[in-house]
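# Remarks on the overall topology
Each chain, written out:
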6 protein chains.
Amino acid sequence: MENPVAKANILIEALPYIQRLSGKTVIIKYGGNAMIDHEQIKTIMQDITLLKYVGVNPVVVHGGGPEISRTLSLMNVESRFYKGLRITDKDAIEVVQMVLTGKINKDIVAQLNALGGKAIGISGMDGALLQAEKMEPVDGVDLGYVGKVTNVNSRVLEILANDDYIPVVAPIGIGPDGTAYNINADTAASEIAAAMKAEKLIFLTDIDGIYRNPEDPSSLISAISVPEVNELIKQGVISGGMIPKVQGCIKGVEMGVKRTHILNGTIPHPILLEIFTDVGIGTMVTA
Amino acid sequence: MENPVAKANILIEALPYIQRLSGKTVIIKYGGNAMIDHEQIKTIMQDITLLKYVGVNPVVVHGGGPEISRTLSLMNVESRFYKGLRITDKDAIEVVQMVLTGKINKDIVAQLNALGGKAIGISGMDGALLQAEKMEPVDGVDLGYVGKVTNVNSRVLEILANDDYIPVVAPIGIGPDGTAYNINADTAASEIAAAMKAEKLIFLTDIDGIYRNPEDPSSLISAISVPEVNELIKQGVISGGMIPKVQGCIKGVEMGVKRTHILNGTIPHPILLEIFTDVGIGTMVTA
Amino acid sequence: MENPVAKANILIEALPYIQRLSGKTVIIKYGGNAMIDHEQIKTIMQDITLLKYVGVNPVVVHGGGPEISRTLSLMNVESRFYKGLRITDKDAIEVVQMVLTGKINKDIVAQLNALGGKAIGISGMDGALLQAEKMEPVDGVDLGYVGKVTNVNSRVLEILANDDYIPVVAPIGIGPDGTAYNINADTAASEIAAAMKAEKLIFLTDIDGIYRNPEDPSSLISAISVPEVNELIKQGVISGGMIPKVQGCIKGVEMGVKRTHILNGTIPHPILLEIFTDVGIGTMVTA
Amino acid sequence: MENPVAKANILIEALPYIQRLSGKTVIIKYGGNAMIDHEQIKTIMQDITLLKYVGVNPVVVHGGGPEISRTLSLMNVESRFYKGLRITDKDAIEVVQMVLTGKINKDIVAQLNALGGKAIGISGMDGALLQAEKMEPVDGVDLGYVGKVTNVNSRVLEILANDDYIPVVAPIGIGPDGTAYNINADTAASEIAAAMKAEKLIFLTDIDGIYRNPEDPSSLISAISVPEVNELIKQGVISGGMIPKVQGCIKGVEMGVKRTHILNGTIPHPILLEIFTDVGIGTMVTA
Amino acid sequence: MENPVAKANILIEALPYIQRLSGKTVIIKYGGNAMIDHEQIKTIMQDITLLKYVGVNPVVVHGGGPEISRTLSLMNVESRFYKGLRITDKDAIEVVQMVLTGKINKDIVAQLNALGGKAIGISGMDGALLQAEKMEPVDGVDLGYVGKVTNVNSRVLEILANDDYIPVVAPIGIGPDGTAYNINADTAASEIAAAMKAEKLIFLTDIDGIYRNPEDPSSLISAISVPEVNELIKQGVISGGMIPKVQGCIKGVEMGVKRTHILNGTIPHPILLEIFTDVGIGTMVTA
Amino acid sequence: MENPVAKANILIEALPYIQRLSGKTVIIKYGGNAMIDHEQIKTIMQDITLLKYVGVNPVVVHGGGPEISRTLSLMNVESRFYKGLRITDKDAIEVVQMVLTGKINKDIVAQLNALGGKAIGISGMDGALLQAEKMEPVDGVDLGYVGKVTNVNSRVLEILANDDYIPVVAPIGIGPDGTAYNINADTAASEIAAAMKAEKLIFLTDIDGIYRNPEDPSSLISAISVPEVNELIKQGVISGGMIPKVQGCIKGVEMGVKRTHILNGTIPHPILLEIFTDVGIGTMVTA
């Protein structure tokens, strides 16, 4: 009889966390780099479905870099970047829009629906959710159809969430004349989190979190403030590939989200472990 | 990392059960014999609170035989029974009403509230929930203020459940002139389950369920139909003290409840184990 | 034909009072000393039922001192007081809770329901209505489980009142850990009146009101302000047993209730006479 | 103190009647002949206002024969009748419309509003409440703009009643092309009562009710069925001017209204006496 | 195929205007002088019906001077004026009330209903919409039952508009005691526009708008501010019969309405041309 | 002044059509062949936006054959057909899904939003709108991921339409395991029309409608029943490329849609001309 009681205790362990998040909105940025294999992705879809069923309102914002590059190459369009930003000309934006809103978005929707979650996939163009304008050139380099968000109209997300749907959002913005713009997915997630006064903003990436010493797995930081993050960057502790990973959290905090998290989306059930158990994984960044 | 994944898997194991019961009503009859010690009772309160938070509507109907006898004896009123039914004269009904609605009911409410569940304790007198009349004499023996239910007005339960409260019901009925009647708690639970078209009716007792051979713990029956129960009674397999324990289920099924359960309320987290895990405990009785 | 017209005129006399109170909340503190005999109590229940049916929202808060003492004595628990406050040890609070929430509360509910009013009896423990903590010792005397209100959560009262129920409240508070506390009924009524922004707070006692000269029945004061009351206390006009009777009104006014009333609950239909006729009885205390 | 108690008892006497009619619709046909002097009319307006405030939904349908004749004569238009029906030519219908909807309707509204009732006066033309077509000639006599009701659209009455207004209706019907038709007020009241599934339909006339022997005031019939009424007509007991007075009730009953009443609108507070006291006046006609 | 495309283009031309006014309230003051012949009036009724069906909330406030004078003369009551204001004695107010609320109001309702618009005609007396008191004497001349508005209770208009009705209002006010007062229709329209925070207030008169040079039809002013109007009056450009025509707009602007319009109600479809086409007619007066 | 009046008359001509369709649902199947040039498409977007603003609920279901073929060829995937049905293997369904839901769907949304319509683009996968299973092989030829609709869950469309959004649907179905299926767009439109009890189902194609004699433009049939269509097919009057064009209408009628229309989507404003003018274009097919 020991095993059943252990099971029961784990469920009961989740109770206070469920109570605290009941009725709250949690934004999950699901990056392309964290979309590994089908089995792993399924554990994340299960986490999101469970969130919905225990009374939390999850909203998924996804990326899709690798898939975009793959399709561009299939269609013989060259992928060009400047300082990590994709230079998105007329041909490229068509493919970006098509892959994000037509492929990745719908694949996530399909998996959530197959698990019993009622998901609806839309883009930032739908209902003018992510209103955008062309981004200024960076160092004089015109990035093409890369946009910056001018306004978020989150009403459609609220309507869907209130009717028990899980909204899944592709980060394509829309200009006043209907032009599509490629929006950085971290920014889109932060903007939506701010507009919906989300309780949490979770970034699913391919790292475990921020380390004091990247060589030492035991030096993972559980909780840190934005000033401390900036200090660690100055000290060179956070450096190289780590820097873009923490940008999302910083953006989110700057826009007023109280709790932002970096979680490793390549391990099974990361959201659930972070949110509903005493284990706690990843790094939480707060103001 | 093995342990966290195991934790996650147990939570995910609950997902399909949560989905199936989402928005449904579950009536829990909590018998006085199953109220053992404070720690054990707390695990049941946790189970009920968890049910509420994952979107199920639990309604608790409680008994209280031992406590009633204890108080009567404290007040020097003799406890008299006929065929297991308490003979409830004028003095006794006052004490029964007081103990059930004023002591046990409020103690359950207090514990649920302390765990974060928003519980409201009422009796069958409130809002004329359990309308009753005097029961006919049994074998010519007048049972006094023992009532039988003539009508159930479950509106107040629906209002409270819709506003996120957990209703806790003491089984005292009310006559047209306001007279209080002692109602059998199993019957009260069955009547309320039928009126609310509950998905499940759970009897928390002090036995594990129905055994084919009471001597053999491995002979516990997981699922059985009412005709089979009656057959087992005829065969003498179910006999003695076991008989009253299955009556509640039979009553519930006869009133149209699809699934009724006998669970052992003296082990930790029985509701949660039955409802949210693959373990499955107790005996389910169906039509 | 004269008699019918006179009847009609009395009904019409009520019209402006009904209009003025339509949709408003009236809190009625029904003290144990005012609960005399069955016939008299019935007239008060009729008054409350009528209030509800003409569009006013009555909320009853009851006391029960005499009944508590009677039951304690039956159970051989000694009643002890310090400066008029009941010293409530572990044994006593169990009885206080049981008598107030299980006996008096349900008896009032039964009578209102028998008259066609839809009453629901709850306590301050239900829905965490009266959140409380242990009261500080008075003159170094520990009063035991006597509580002071820290917060009122009147939502359950509003839900019930909006669905045409008459809430009846027993003044037992609840601590964060679920501990029951004995709350002074006058205070409970004042707190609830303040939380619900009640239009009126009525104290049904066993005196006619405040007299300028207790010997002279014609010196009853119809309306008085709290400063004047304090002045009369200083002058010794209000003295002895009169003082606790006016405390409730003073508390209510201090908490922001506009009109508080002392009415004699031992005469027939006192609420109705005060509220719906030109007669006007008792004493009104205002800021 | 006796007087106040007597007052209270009269109010309490009304309680069961209020409970029975709570939330129900009562149609009051107020005939022109019953509009005597200002003081008397005021008592009727008070009755209607009181009905509204105690939770009943009164709808007033008025006539206005005498005032129409007076105005026609002022404007030098001849009043012509055939078998008691006004022959309503083009000039006459303009005056009938104007007097009923512009004078009597608004005078009733003004009096109800002055008493604190929120009244809204409309006609059968508004919101296409009383859809009508030209009545066939009677004995070959063309009655002009006299209409018969083809459909009742009572939605506007329900909207107004739900928002605490007292609707007051002038019996002018409307044809598909917008033509105004003079509608018999008794018929209009019966049609509206049937469409709104009214609980009661009251005709305020200038007689006390139906007498078995018109010479003998003690022979007033309290309650009678339509077949009995027809029998009394055949026997000549109901005859002459009495016949049209009972037609309204018969129409109402035929259209499915359960209780129809003839009350004397020339005595003070007739509605209130009939509805809220044990006195009971007038004659009730049922199926 | 050219013709159909031209038709389509005209409908499409209306789209941005419809979008801009969607869900907004537009008050239409329809003056007695603008009610010419049946065919012309019908075009205005069509305009109002179309407004309602494309999602705008029109509210009609009508005058009726000529018809009042005609009826007074028919009834041998003399029409007397002082400075353009009707001296309204007891006899006159009865006729004014009757003609405005019983004749003109219902005729407009009949025409709107015949066109498929669901119109409800009320007066300022109904639901105490236009609360009024007697106007002070002008130059010592007592104007009788001429009122000035003390308060507007526009709730009934909002209820009706929300349920897809077109409210039509006759400008009769009501005193606290129910007395009817004749209210200037321009003032009534301005007061209602202010109370309902209307988007537009349109005066349908018998002139095309304000001319810089009344002799020169090409000098019609499309848009003008109140200070400019006052300047033109000072310069004598706006003079004589033109002055009262602009008073309504000035009143409306002073009460906070953003856009007020003078339109010629004697040409076909003036509202529709102004609101839904690029043509634009009349004069708009703004702050 | 002639021109403005002509304009007004055209708007008024639309009034009865607007009244008839107010609050009704109209499904518009917009076929890939009808998507010609940007200017022409814009007129259709304007028509749909206007529909929404005058109170009709348009739902757009689009095709996209030509664009799919273009993209497949760009990605070097061969387009294969059997009897006009696209053989959709694993590679092809990915592209079909991506082009329909990610390109065409979002382009329509972008254009509607740029015109002020609030459009939301989803697919049949979202919210499990179009539940599907693999179609049986045709003549033994396996068509791959071509699906047939097993159930329509139109709730998400109703939610969006009720909140003033214009839903735009890409015809991709979803299997129980989340597999995407290519659904014939005509079938998808008919299924959705039936599920939403649409008033009208419009097919925008590249022909004017059904001709009795394809050589003779004057032989266009305005209205025809399904039996007559079948008769014309048997007679060879409707033949060749015309047959698939009428299939959509037949399907729609068979599923219970009352009015189905073939309109030429390559002329300006076809929806508006058909729905809101007396012109009437195309062919209506009814039961």
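Structure: see above.
Residues numbered from 1 in each chain as written. Chains lettered and ligands numbered in written order. Predicted model: local features only at pLDDT ≥ 70, side-chain atom pairs only at ≥ 80, totals over all residues. Heavy atoms only, no water.

Within chain A, the secondary structure is distributed over nine helices and 14 strands. Its C-alpha atoms give chain A principal-axis dimensions of roughly 65 × 45 × 35 Å. Within chain A, the proportion of its 287 residues that are buried is 60%. Considering only residue pairs separated by 6 or more positions, chain A has 73% of its internal contacts joining residues 24 or more positions apart. By element, 50% of the accessible surface of chain A is carried by carbon and sulfur atoms, the whole surface being about 10700 Å². One way to put it: in chain A the 25 positive side-chain charges average out to a point 4 Å from where the 32 negative ones average out. (Helix = DSSP H or I, 4+ residues; strand = E, 2+ residues; numbered from the N terminus. Buried < 20%, exposed > 50% of the residue type's maximum accessible area, 1.4 Å probe, protein only. Contact = heavy atoms within 4.5 Å. Areas by Shrake-Rupley, 256 points an atom, 1.4 Å probe, with all protein chains shown as cover. Lys, Arg positive; Asp, Glu negative; His and termini not counted. Charge placed at Lys NZ, Arg CZ, Asp CG, Glu CD.)

Below, the discussion takes up the interface of chain E and chain F. Facing the 34 residues of chain E at the interface are 34 residues of chain F. Summing the contributions of chain E and of chain F, the shared interface buries around 2800 Å²; its carbon and sulfur component is 81%. In terms of surface lost to chain F, no three residues of chain E exceed Lys7(E), Leu11(E) and Tyr53(E), which account for 24% of the buried area on that side. Counting every contact that joins chain E to chain F gives two salt bridges. Measuring nitrogen to oxygen at the nearest pair gives 2.9 Å for the salt bridge that ties Glu13(F) to Lys7(E). Inspection of the chain E/chain F interface yields six residue pairs in polar contact (both at pLDDT 80 or more). Put simply, the parts of the chain that give the side of chain E that touches chain F at least two residues each are helix H1 (2-21), helix H2 (38-53) and helix H9 (270-276) of chain E. Tallied by class, residues from the side of chain E that touches chain F come to 21 nonpolar, nine polar and four charged. (Buried area = accessible area lost by both parts, 1.4 Å probe. Salt bridge = Lys/Arg side-chain N within 4 Å of Asp/Glu carboxyl O. Polar contact = N/O pair within 3.5 Å; in protein donor to acceptor, adjacent residues only side chain to side chain. Nonpolar A, V, L, I, M, F, W, Y, C, P; charged D, E, K, R; others polar.)

A few words on the nonpolar core. When a protein is soluble and globular, its nonpolar side chains tend to lie buried together. The biggest cluster of nonpolar side chains holds 339 residues, and the ones touching the most others in it are Phe276(A), Phe276(B), Phe276(C), Tyr30(D), Phe276(D), Phe276(E) and Phe276(F). The residues touching Phe276(C), leaving out its near neighbours within four places in the chain, are Glu13(C), Ala14(C), Tyr17(C), Ile18(C), Leu50(C), Leu51(C), Val54(C), Val56(C), Ile271(C) and Leu11(D). Counting residues in each nonpolar core, the second largest holds 86 residues, with Tyr165(D), Val226(D), Met242(D) and Ala193(E) among its members. (Core = buried A, V, L, I, M, F, W, Y, C linked by side-chain atoms within 4.5 Å.)

Bringing the packing of aromatic side chains into the picture now. Applying the stated criterion across every chain yields a total of six aromatic pairs over all chains. Aromatic side chains Tyr145(B) and Tyr181(B) sit 6.3 Å apart centroid to centroid with 35° between the ring planes, which places their arrangement in the tilted category. Highlighted residues: Tyr145(B) in the loop between strand S6 (130-134) and strand S7 (147-152) and Tyr181(B) in strand S10 (residues 180-182), separated in sequence by 36 residues. Taking the ring centre of Tyr165(E) as reference, the NZ or CZ of Lys118(E) above it sits at 4.3 Å. (Phe/Tyr/Trp six-rings, centres within 6.5 Å; stacked < 30°, edge-to-face > 60°. Lys NZ or Arg CZ within 6 Å of the ring centre and 35° of its normal.)

What follows deals with the relation of the copies chain E and chain F. The two copies are related by a screw motion: chain E maps onto chain F through a turn of 180° and a shift of 0.0 Å along the axis, at an RMSD of 0.0 Å. What the rotation and shift describe, once combined, is the action of a two-fold rotation axis. For chain E, the minimum C-alpha distance to the rotation axis belongs to Val54(E) and amounts to 2.1 Å. Residue by residue, 100% of the interface of chain E is reproduced at the interface of chain F, so both copies engage with the same surface. (Least-squares fit on C-alpha atoms with pLDDT ≥ 70 in both.)

Right, let's talk about the relation of the copies chain C and chain B for a bit. Its rotation angle being 180°, the transformation that places chain C on chain B also includes 0.0 Å of axial translation and leaves an RMSD of 0.0 Å. A share of 100% of the interface residues of chain C reappears at the interface of chain B, consistent with the copies meeting face to face through the same patch.

Considering all chains together, one arrives at 72 salt bridges over all chains under this definition. In this structure, Lys134(A) engages Asp142(A) in a salt bridge whose closest nitrogen and oxygen atoms are separated by 2.7 Å. With a relative accessible area of 44%, Asp142(A) lands in the partly exposed category. Note that Asp139(E) and Lys83(E) form a salt bridge whose closest N and O atoms lie 2.9 Å from each other. Placement of the pair is Asp139(E) in the loop between strand S6 (130-134) and strand S7 (147-152) and Lys83(E) in the loop between strand S3 (80-82) and strand S4 (85-87), with a sequence separation of 56 residues. Lys83(E) carries the same exposure label as Asp139(E), and that label is exposed. Via salt bridges that share partners, Glu94(A), Lys103(F) and Asp107(F) belong to a single interconnected network.

Let us look at the environment of Tyr53(F). If you trace the backbone, Tyr53(F) turns up in helix H2 (residues 38-53). As for Tyr53(F) and Gly117(F), which are separated by 64 residues in sequence, their C-alpha atoms are 8.2 Å apart.

So, on to a positive patch on the surface. A cluster of basic residues, Arg20(A), Lys24(A), Lys258(A) and Arg259(A), forms a positive patch on the protein surface. Since its relative accessible area comes to 37%, Arg259(A) is described here as partly exposed. (Patch = residues over 30% accessible without salt bridge, like charges linked within 9 Å, V, L, I, M, F, W, Y side chains within 5 Å.)

All names here are of chain A. The sheet built from eight strands is open, its strands ordered S5-S8-S2-S1-S11-S13-S14-S12 with mixed pairing. The two strands at the open ends of the sheet, each matched to only one other strand, are strand S5 (119-123) and strand S12 (223-225). Taken pair by pair, the neighbouring strands of this sheet meet at an average axis angle of 20°, ignoring direction. Where strand S1 (residues 25-30) and strand S11 (residues 200-205) come together, five bridges link them in parallel fashion. (Pairing = 2+ DSSP bridges. Axes fitted to C-alpha atoms, helices over the stretch in contact; angles between N-to-C directions.)

A word on helix H2 (residues 38-53) of chain D. Residue and element names in this part refer to chain D. The end-to-end C-alpha distance of H2, which contains 16 residues, comes to 22 Å, matching closely the 22 Å that a straight helix rising 1.5 Å per residue would cover. Judged by how many residues are buried, H2 sits mostly within the fold: 13 of 16 residues are covered. Immediately downstream of H2, the backbone of glycine 55 shows phi near 100°, a positive value. (Expected span 1.5 Å × (residues − 1).)

Let's shift gears to the interface of chain C and chain B. Listed as interface residues are 36 residues of chain C and, on the opposing side, 36 residues of chain B. Three residues, Met75(C), Met98(C) and Lys106(C), lead the burial of chain C against chain B; their summed loss comes to 18% of the area buried on that side. Across the contact surface, chain C and chain B share six salt bridges. Measuring nitrogen to oxygen at the nearest pair gives 4.0 Å for the salt bridge that ties Glu94(B) to Lys103(C).

Turning next to the packing of helix H6 (residues 185-195) of chain D against helix H8 (residues 242-254) of chain D. Residues and elements named next belong to chain D. Following both chains from N to C, one finds H6 and H8 inclined at 20°, their axes separated by 9 Å at the closest point. Between H6 and H8, the crossing angle belongs to the class labelled roughly parallel. For the crossing formed where H6 meets H8, the hand is right-handed. Of H8, the residues touching H6 (which contributes Asp186, Thr187 and Ser190) are Pro244, Gly248, Lys251 and Gly252. (Parallel < 35°, antiparallel > 145°, perpendicular 65-115°, else oblique. Left-handed = near helix turned anticlockwise from the far one by under 90°.)

Residue and element names in this part refer to chain A. Within S1, six of the six residues are buried, which leaves it mostly tucked inside the rest of the structure. Residues Thr25, Ile27 and Lys29 of S1 are buried on one face, and the alternating residues Val26, Ile28 and Tyr30, pointing to the opposite face, are buried as well. Bridge count for S1 against strand S2 (residues 57-62) is six bridges, and the pairing is parallel. Residue pairing for S2: threonine 25 is matched across the bridge by asparagine 57.

A large share of H2(E) lies buried, amounting to twelve of its 16 residues. Among the residues of H2(E), the N-terminal cap falls to Asp37(E), whose side-chain oxygen and the backbone nitrogen of Glu39(E) are separated by 3.1 Å.

Time to look at the side chain of His261(A). One can find His261(A) in strand S13 (residues 259-264). According to the relative accessible area criterion, His261(A) is buried, its value standing at 1%.

All right, on to the side chain of Lys7(D) then. Tracing the sequence through the fold places Lys7(D) in helix H1 (residues 2-21). What makes Lys7(D) buried here is its relative accessible area of 11%. If we ignore the near neighbours within four places in the chain, the residues touching Lys7(D) are Ile10(C), Glu13(C), Thr277(C), Asp278(C) and Val279(C).

All names here are of chain E. Along strand S8 (residues 166-170), five of the five residues are buried, which leaves the element largely enclosed by surrounding structure. Bridge analysis of strand S2 (residues 57-62) against S8 gives two bridges, and the strand direction is parallel. Across the sheet, residue valine 60 finds its bridge partner in S8, namely valine 168. Bridging between strand S5 (residues 119-123) and S8 involves five bridges; their strand directions are parallel. Following the sheet pairing, serine 123 is matched in S8 by alanine 170.

A separate point is the arrangement of the chains. Chain A makes no contact with chain D; the smallest distance between any of their C-alpha atoms is 28 Å. One finds no contact between chain C and chain F; the C-alpha atoms of the two approach each other to within 28 Å at their closest.

Attention now moves to unusual backbone geometry. Residues and elements named next belong to chain B. Not every positive phi belongs to a glycine, and histidine 269 is a case in point at roughly 50°. Looking at the element boundaries, histidine 269 is found in the loop between strand S13 (259-264) and helix H9 (270-276). A residue is classified by how much of its surface remains accessible, and histidine 269, at 2% relative accessible area, is buried.

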